[in-house]
Amino acid sequence: MKVKKTKKSKGGGFQSMGIIFFTFYLSDLILKFYSYLGLDPVLMKGILHRGYKLPTPIQRKCIPLALQGCDLVAMARTGSGKTAAFLLPLFNRLLQDTVVKDTRGLILTPTRELAHQTLKFIKDLGKYTKLRSCLVVGGESMEDQFALLHSRPEIIVATPGRFLHLLIEMQLCLSKLEVLILDEADRLFELGFQEQLNDIIKQIPIKRQTLLFSATMPKALADFTQAGLKDPVLVRLDLETKLSENLQLSFIKVRSEDKLAHLLYLLSIKVKADAPTLVFVATRHHVELLKEILVRNGHCCSYLYGSLDPIERKIQAANFREGKTNVLVVTDVAARGIDIPLLECVIHYHFPATPKLFVHRSGRVARAGRHGTAYALVAPDELPYMLDLHLYLGRPIASTSASEGILEPFRECYSDLHSRSTDVTSIVESTEDTTRETFLAQVKNFRPSQTIFEYKKIKHPSNELLDLMKLKRKQHDASIQRRKRERTAGKDTVQPPSDGREKPACELNIVINVPKSKSERSEFFIPYRPSNYYQEKGFFAHIAWLLAIPFTEFSLDCAHRNAFSLPSAKKWDRKKKKFVGVEEDKKKKRIKNEAGVWISASYNTHKYFCPRLCGFVFSLYFLYPHLRYKEWKEKHNIGHSGEVLDHSPHVSPHGRRNNLSRVGCKGVRARNELKTKEVILKERRRKEKIRNHIKKVRGKKLRIMHIRNQEEVGLTQKLVKLRQQPRSYLFVYFPCTAKEPFRGANRKKYKDIHWRPAGN
Ligand SMILES: Nc1ncnc2c1ncn2[C@@H]1O[C@H](COP(=O)(O)OP(=O)(O)OP(=O)(O)O)[C@@H](O)[C@H]1O
């Protein structure tokens, strides 16, 4: 057999750590030879399949360490190839022992989209490994996921909420789990995930390998998690250049009311025609508004936000990936991890509130050596965020502003649309928080009737300052009164410059004070802040939870608490009308799942394990009926311990379902979850009807609504808010089949809502 000679590498390639790229026609003999070097030769085929030639720096650092079995806390900038850096060692470990047919690798990610993408990576890189993998994320059928998990795939990719739910409902045993990977670990450790993560980790054997990966990893995270990780190795690359040098940044100063016009200008003129572009906005209302406006202006537009219907979410993301649309308007749900190879441009319509988020959002472009541009529209009230960002990046910036003439046609186009379309007007209303605006305006316009010097008058009538104030008032009172009169007459509006143009583009240069070199400093000078203070502060944003949880695995010592002295995490309790500690949340009976729907908190381990309550070692699993899983088992003739009672067509004689996707093989999906065009249109019409109805009944005494399913929960809650207005009553007619949201405690809470089954 003819064997093609591979060119000898000079080192620094995958070869240097035992990974050698093979051409497909390499003989078995050579594959066997290379297997001695570390990674299984089967993996080389997968690497070739993905088209990688050289390992990236993070892969070069992390793969050998992970192969040795070390726990890792790894940081490298966005798009640097972290996914392969944790997948390759995972595959290698699992391939070493193929006898154990159980779940041995668990990858947790913060978002569904990222989980989907990781599974795709697994299928590509592990194409020839025959390892079985499955996806467990919210918004998908529980029954399908029972089947997937029941067959004990080797690798599970999951989001924490749904995985914990299934873990408890199915009483899964993870005793064979060897590798736990937390992708975007810092996000997973932030508020909202930590409780679920903690509960999952408790069920995983302590003798495991734990790998933490993110583009923004605080150094302290390694210290904090030391009890959970066994002597973790900290790998932090790209500390100086947090953003790729191929990324071009452009900060544009705009007035808040000009943002839309500017966005249209960027998309129509600046960005290359049909170049895929990601537009980040603050809330889902803004997503809807921008989508509506962009579509009406001839842009092919997709949109994504967390509470969007899961199927719609998939369709929208797929449309953008496949190039059917060229603009994707998103909230921060797509800020992390998403890899769209052809993406060239990101627009920050709203400036992100933390520098870390800016890094993640902008990191969707200029990945893996490619070039890209990130535009940020900065309104005056967002300037402090920009300053924060530049302290974090540690380099000066320049911002520009567009001239008025350029924006004029786009502004017209938007205002015209606004007046013509009731749809757009209603969405604009929902994006505007009028109570907040009025409150802020009141605070801004508040003027005390007397100054502090005059206040002193009461105590010290002969104060010199008082005399001074008297003199001042005498001199200025007339002009102050005149100004007030003018203001009430409406002359106060800010007049644009006479030529109708904005000020010429101006530079905002922020010079970061770089600490002086040692020789320049005085001999005894001790800086009161470390040189990387702002950088670590940026990384640390929102990881305050680290100080709030009594961990068994991730335990903290008091020294760390004091060292960072972060405030304990608190949240606003609407009932109590005050801030409460996150600890108090644990007492609650219902929790919000990933889709924003309130579900029973019974899957919390505090409820299932009695050791905390009564000191027993055994859990109270059997006292709680796991109805859905039980039902599923009965349906598929599966016994209590997982054995097959009858050879039904769904289940193989070995108790494994056949529809499990093997890595690299196409899974057979039994159910088509796609809604038909008619169903989608029908639902839209219905939602529209409800929206119109809300508008119509606003302020009336009697309201009648029909609410059918959980998707309308948001709208229902809006109605309930209306109820709080004086002299208004809400009558909700509810079909018999409806489950959520007004059951149990909620029903009692909204006492003045009258419940009637549909048809009565
Ligand atoms: N060795 C390599 N050679 C060439 N391309 C690579 C290599 N490793 C990864 N890539 C490619 O780089 C891109 C980014 O990889 P990946 O998504 O793993 O980055 P990441 O560091 O996880 O980014 P993020 O922090 O945004 O999640 C992907 O398209 C991937 O296929």
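Everything that follows concerns the structure shown earlier in this document.
For clarity, every value in this text was computed on a predicted model and none was experimentally measured. (Residues numbered from 1 in each chain as written. Predicted model: local features only at pLDDT ≥ 70, side-chain atom pairs only at ≥ 80, totals over all residues. Heavy atoms only, no water.)

Draft legend 1. The overall build of the chain, seen in detail. Within the chain, the secondary structure is distributed over 28 helices and 21 strands. In the chain, the share of contacts with a sequence separation of at least 24, taken over all contacts with a separation of at least 6, comes to 71%. Accessible surface, the chain: about 41,700 Å² in total, of which carbon and sulfur atoms supply 55%. (Helix = DSSP H or I, 4+ residues; strand = E, 2+ residues; numbered from the N terminus. Contact = heavy atoms within 4.5 Å. Areas by Shrake-Rupley, 256 points an atom, 1.4 Å probe, with all protein chains shown as cover.)

Draft legend 2. Expanded view of the site of the ligand. In the vicinity of the ligand, 21 residues are found, and the nearest of them are Tyr52, Leu54, Lys82, Thr83 and Asp339. Contact distances for the ligand include 2.7 Å between a nitrogen atom and a backbone N or O atom of Leu54. At a separation of 3.1 Å, an oxygen atom of the ligand approaches a polar backbone atom of Ser80. Residue classes in the shell around the ligand are distributed as six nonpolar, eight polar and seven charged. (Near = heavy atom within 4 Å. Polar contact = N/O pair within 3.5 Å; in protein donor to acceptor, adjacent residues only side chain to side chain. Nonpolar A, V, L, I, M, F, W, Y, C, P; charged D, E, K, R; others polar.)

Draft legend 3. How the structure looks around the packing of aromatic side chains. In total, this model carries five aromatic pairs according to the counting rule given. Ring centres 6.3 Å apart and planes at 35 degrees place the aromatic pair Tyr303 and Tyr305 in the tilted group. Counting every residue linked through ring pairs, the aromatic cluster contains Phe251, Phe351 and Phe358. The side chain of Arg50 reaches across the aromatic face of Phe121, ending 4.2 Å from its centre. (Phe/Tyr/Trp six-rings, centres within 6.5 Å; stacked < 30°, edge-to-face > 60°. Lys NZ or Arg CZ within 6 Å of the ring centre and 35° of its normal.)

Draft legend 4. Broad picture of the environment of Met217. Positionally, Met217 belongs in the loop between strand 6 (209-214) and helix 10 (219-224). Sequence separation between Met217 and Arg187 is 30 residues; the distance between their C-alpha atoms is 9.4 Å.

Draft legend 5. The sheet that holds strand 14 (residues 399-400), seen in detail. Spatially, 10-11-9-12-13-8-14 is the arrangement adopted by the seven strands of the open sheet, whose pairing is parallel. Unpaired on one side and paired on the other, strand 10 (301-304) and strand 14 mark the two borders of the sheet. Pairing analysis gives two bridges linking strand 8 (residues 247-253) to strand 14, with the strands arranged parallel. For Ile252, the partnering residue across the bridge sits in strand 14 and is Thr400. The strands touched by helix 13 (residues 310-321) within the sheet are strand 9 (277-280), strand 10 and strand 11 (327-330), with strand 10 carrying the most contacts at an inclination of about 140 degrees. (Pairing = 2+ DSSP bridges. Axes fitted to C-alpha atoms, helices over the stretch in contact; angles between N-to-C directions.)

Draft legend 6. Broad picture of the packing of helix 3 (residues 57-67) against helix 4 (residues 82-96). Where helix 3 contacts helix 4, the axes come no closer than 9 Å and their chain directions differ by 25 degrees. In terms of orientation, helix 3 lies roughly parallel with respect to helix 4. The hand of the helix 3/helix 4 crossing is right-handed. Of the residues in helix 4, those in contact with Ile58, Gln59, Cys62, Ile63, Ala66 and Leu67 of helix 3 are Lys82, Ala84, Ala85, Leu88, Pro89 and Asn92. By residue class, the composition of the contact of helix 3 with helix 4 is nine nonpolar, two polar and one charged. (Parallel < 35°, antiparallel > 145°, perpendicular 65-115°, else oblique. Left-handed = near helix turned anticlockwise from the far one by under 90°.)

Draft legend 7. View of helix 13. Between the first and last C-alpha of helix 13 there are 17 Å, a value that for twelve residues agrees with the 16 Å anticipated at 1.5 Å per step. Regarding helix 13, the residues found buried are Glu312, Arg313, Gln316, Ala317, Asn319 and Phe320. Seen from one end, helix 13 has its buried residues packed into an arc of 155 degrees, which puts them on one side. Gly323 occupies a position one or two residues after helix 13 and carries a positive phi of about 85 degrees. (Expected span 1.5 Å × (residues − 1). Buried < 20%, exposed > 50% of the residue type's maximum accessible area, 1.4 Å probe, protein only. Arc of directions from axis to C-beta.)

Draft legend 8. Structural context of helix 14 (residues 355-362). The element helix 14 is largely enclosed, with a buried count of eight among its eight residues. Those residues of helix 14 that sit buried are Pro355, Lys356, Leu357, Phe358, Val359, His360, Arg361 and Ser362.

Draft legend 9. The arrangement of the side chain of Arg162 in detail. Of note, Arg162 is situated in helix 7 (residues 160-169). Of note is the side chain of Arg162, whose polar atom sits 2.8 Å from the side chain of Gln145.

Draft legend 10. Here's a closer look at the sheet that holds strand 4 (residues 155-158). Spatial ordering of the open sheet is given by 3-4-2-5-6-1-7, a layout of seven strands whose pairing is parallel. Across the chains shown, the open sheet's two edge strands, defined by having one partner strand only, are strand 3 (133-136) and strand 7 (233-236). Across the sheet, the mean angle from the axis of one strand to that of its neighbour is 15 degrees, orientation sign disregarded. Pairing between strand 2 (residues 105-108) and strand 5 (residues 179-183): four bridges, direction parallel.

Draft legend 11. Structural context of the nonpolar core. With 38 residues, the main nonpolar core has Leu87 and Ile107 as its most contacted residues. Secondary-structure elements contributing two or more residues to this core are helix 2 (41-50), helix 3, strand 1 (72-75), helix 4, helix 5 (112-125), strand 4, strand 5 and strand 6. In this view, Ile107 contacts Phe86, Leu87, Leu90, Thr118, Ile122, Ile155, Ile156, Val157, Ala158 and Ile181; residues no more than four positions away in its chain are not counted. Core analysis: the second largest hydrophobic core is formed by 37 residues, Leu108, Leu148, Leu166 and Leu177 among them. (Core = buried A, V, L, I, M, F, W, Y, C linked by side-chain atoms within 4.5 Å.)

Draft legend 12. The pattern of salt bridges, seen in detail. Throughout the structure, instances matching the rule amount to 25 salt bridges. Here Asp332 and Arg361 are joined by a salt bridge, their closest N and O atoms 2.7 Å apart. Highlighted residues: Asp332 in the loop between strand 11 and strand 12 (345-348) and Arg361 in helix 14, separated in sequence by 29 residues. By relative accessible area, which is 2% here, Arg361 ends up buried. Where salt bridges share partners, they join Glu184, Asp186, Arg336 and Lys356 into one cluster. (Salt bridge = Lys/Arg side-chain N within 4 Å of Asp/Glu carboxyl O.)

Draft legend 13. Layout of the state of the cysteines. In the structure shown here, the tally under the stated rule is zero disulfides. In this model Cys300 remains outside any disulfide bridge; the closest cysteine sulfur is found in Cys301, 8.7 Å from its own. (Disulfide = S-S within 2.5 Å.)

Draft legend 14. Spotlight on unusual backbone geometry. Not every positive phi belongs to a glycine, and Lys130 is a case in point at roughly 65 degrees. You can see Lys130 is positioned in the loop between helix 5 and strand 3. Assessed through its relative accessible area of 62%, Lys130 is described here as exposed.

Draft legend 15. Inspection of a nonpolar patch on the surface at higher detail. Taken together, Ile452, Phe453, Leu465 and Leu468 make up a surface patch of nonpolar side chains, about 360 Å² in accessible area. Of all elements in the fold, only helix 19 (452-456) and helix 20 (464-488) reach the threshold of two or more residues within the nonpolar patch. Mapping Phe453 onto the fold places it in helix 19. (Patch = residues over 30% accessible without salt bridge, like charges linked within 9 Å, V, L, I, M, F, W, Y side chains within 5 Å.)

Draft legend 16. Looking closely at the side chain of Arg104. Mapped onto the secondary structure, Arg104 falls in the loop between helix 4 and strand 2. The class for Arg104 is buried, based on a relative accessible area of 2%. Here Asp97 takes part through its backbone oxygen, which lies 2.6 Å from a polar atom of the side chain of Arg104. The residues touching Arg104, leaving out its near neighbours within four places in the chain, are Arg93, Leu94, Asp97, Pro153, Glu154, Lys176, Leu177, Glu178 and Val179.

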